[in-house]
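# Descriptive analysis of the structure
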Amino acid sequence: MAINQAILSRAQPLVHLKKIAKPAVFLLALAPFIYLLQSLLTGGLGPNPIDSLTDSTGTIAIRMLMISLAVTPLRHVLKQTWPLRFRRMLGLFAFFYVALHVSIYTVLDQQLDIGSIWEDLAERPYILAGTTAFLLLVPLAFTSTRGMVRRLGKRWALLHRAVYIAGAAAVVHYVWLAKGDLIEPYVYLGVLFLLYSYRLVRSLK
Ligand code: HEM
């Protein structure tokens, strides 16, 4: 009896940690959005707020995408299943920031001028690469619910492999658009290379 109680009281903090982990990760992932909103409302985005918003949302989007791609390898390396609890939320946050980034470009920057967007698509390869990444992420976001996972069965996993192509297209987008300082886009290229090599070696094993 006493032993059982000792085990229970030791397990209590773990139970609490489990309860707060998801809301904590949610708030952490939402924090950049709140920060951007606050900067926008207080005029803290500099002389060109639209450019600044495009760049900031793009940077947050690519980081969230990399983090969500790292969840499965992290799970294997740690030999723990807890990282999987955050995978869907992080993936949806990545999509949220990508959608925000694309909306800022199409609505605020291009003012929904389809001709001009089309011209950009045809003339700027980085826009084409970004659009490829975005279009690949759309079906993944819409099939991320538990119901869809159940309904699609094995096809779900197959479909969701598209995230690897989306990740690659997003990094190509960044490498192609970057002028001068290429350090950051190459860091993402390196991270992507490590993550994909790990996946490849594991699947070959
Ligand atoms: C998964 C999809 C995407 C990701 C992860 C992404 C990420 C990024 C990143 C990291 C930047 C650079 C930010 C910086 O310079 O600090 C950027 C810039 C930009 N992105 Fe994207 N992007 C995506 C899709 C798109 C799409 C679909 C469009 C338009 C149709 C687009 C338009 C732009 C534009 C116009 C810029 C600014 C270019 C400049 O500064 O000259 N992006 N994006």
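Note: the structure precedes this text.
This one's a predicted model, so the numbers in the text were calculated from it and none came from an experiment. (Residues numbered from 1 in each chain as written. Predicted model: local features only at pLDDT ≥ 70, side-chain atom pairs only at ≥ 80, totals over all residues.)

### Some remarks on the site of the ligand
What counts, and what does not: Whether a residue is near a molecule or strand depends on its C-beta atom, generated from backbone atoms, being within 6 Å of that molecule or strand. The secondary structure listing takes helices from DSSP runs of H or I that are at least 4 residues long and strands from runs of E that are at least 2 residues long, numbered from the N terminus. Under the scheme applied, nonpolar residues are Ala, Val, Leu, Ile, Met, Phe, Trp, Tyr, Cys and Pro; charged residues are Asp, Glu, Lys and Arg; polar residues are all the others, including Gly.
As a matter of local geometry, the ligand sits amid 21 residues, with Asp-55, Gly-58, Gly-130, Ala-133 and Ala-170 nearest to it. Among the elements of the structure, helix H2 (49-78), helix H3 (87-109), helix H5 (125-142) and helix H8 (162-177) are those that each provide at least two residues to the shell around the ligand. It is H2 that provides the largest number of residues to the shell around the ligand, a total of seven residues. Residue classes in the shell around the ligand are distributed as 13 nonpolar, seven polar and one charged.

### Overview of unusual backbone geometry
Our working rule: Buried, partly exposed and exposed are defined by the number of other C-beta atoms within 10 Å of a residue's own C-beta, namely 20 or more, between the two limits, and 12 or fewer respectively, with C-beta atoms placed from the backbone.
One non-glycine residue, Gln-111, lies in positive phi territory at about 50 degrees. Its location among the elements puts Gln-111 in the loop between H3 and helix H4 (114-123). Phi is positive for Leu-112, close to 55 degrees, though the residue is something other than glycine. In this structure, Leu-112 sits in the loop between H3 and H4. Given 9 C-beta atoms within a 10 Å radius, Leu-112 is considered exposed.

### Describing the packing of H3 against H5
For clarity, the threshold we go by: Note on definitions: angles span 0 to 180 degrees between N-to-C directions of axes, and those axes are lines fitted to C-alpha atoms, for helices only across the stretch in contact. Roughly parallel refers to an angle under 35 degrees, roughly antiparallel to one over 145, roughly perpendicular to one between 65 and 115, and oblique to any angle outside these ranges. With the far helix as reference, a near helix turned anticlockwise by less than a right angle produces a left-handed crossing, and one turned clockwise produces a right-handed crossing. Here contacts are defined at the residue level, using C-beta atoms placed from the backbone and a cut-off of 7 Å between them.
At their nearest, the axes of H3 and H5 sit 10 Å apart, and the two run at 135 degrees to each other. Relative to H5, H3 is oriented oblique. For the element pair H3 and H5, the recorded crossing hand is left-handed. On H5, the residues touching Leu-92, Phe-95, Val-98 and Val-102 of H3 are Phe-134, Leu-137 and Ala-141. For the contact of H3 with H5, the per-class residue count stands at seven nonpolar, no polar and no charged.

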